[in-house]
Amino acid sequence: MIVIKQTATYQRWESKLRDKRAKAAIAARIFRLVNGLEGDVSPVGEGVSE
């Protein structure tokens, strides 16, 4: 099961993004992850993937 955590650091970073297309692309990617569509990811260790 995939767990996605939205940290305060991420929220601050995302709120400062001015590019609406970038925000939409990031939101779409997170939506796909939440729905089990991982795409091209690689484990980096200790249960974390990139």
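Use the structure listed above.
Criteria and thresholds
Along each chain, residue indices are assigned from 1 in the same order as the chain's sequence is written. Only residues with pLDDT of 70 or above have their local features reported here, since the model is predicted, and side-chain atom pairs are shown and tallied only from 80 upward, although totals for entire chains, interfaces and linings are computed over all residues. No hydrogens and no water enter the side-chain calculation; it runs on all heavy atoms of the structure. Secondary structure counts use DSSP, requiring at least four H or I residues in a row for a helix and at least two E residues in a row for a strand, with both numbered from the N terminus. Atoms counted for the radius of gyration: C-alpha only. Globule rule: 2.2 Å times residue count to the power 0.38. For each residue, the accessible area found with a 1.4 Å probe, counting protein chains only, is set against the maximum for its type, and the residue is called buried under 20%, exposed over 50%, and partly exposed in between. Every accessible area reported is derived by Shrake-Rupley at a probe size of 1.4 Å, with residue values counting cover from the shown protein chains alone. An axis is simply a line fitted to the C-alpha atoms; with a helix, the fit covers only the stretch in contact. Between two such axes, the angle follows the N-to-C directions and lies from 0 to 180 degrees. Throughout, a residue-residue contact means that at least one pair of heavy atoms, one from each residue, lies within 4.5 Å. Under the convention adopted here, Pro, Cys and the residues Ala, Val, Leu, Ile, Met, Phe, Trp and Tyr are nonpolar, Asp, Glu, Lys and Arg are charged, and Gly plus all remaining residues are polar.

Caption draft 1: Main features of the overall build of the chain. Scanning the chain from terminus to terminus reveals two helices and two strands. For the chain, the N- to C-terminal ordering of α and β elements is α-α-β-β. Taken against the 2.2 N^0.38 rule, which gives 10 Å for 50 residues, the C-alpha radius of gyration of the chain at 12 Å runs more than 25% over that of a compact globule. Taking the principal axes of its C-alpha atoms as reference, the chain extends roughly 30 × 20 × 15 Å. When burial is assessed residue by residue, the chain has 0% of its 50 residues classed as buried. Only carbon and sulfur atoms are counted for the fraction: they give 56% of the accessible area of the chain, which is about 4700 Å².

Caption draft 2: Structural detail: the packing of helix α1 (residues 8-16) against helix α2 (residues 20-34). Following both chains from N to C, one finds α1 and α2 inclined at 145°, their axes separated by 10 Å at the closest point. For the pair formed by α1 and α2, the contact residues are Tyr10, Trp13, Glu14 and Ser15 on the first element and Lys23, Ile26 and Ile30 on the second. Partitioning the contact of α1 with α2 into residue classes produces four nonpolar, one polar and two charged.

Structural measurements only, silent on function.
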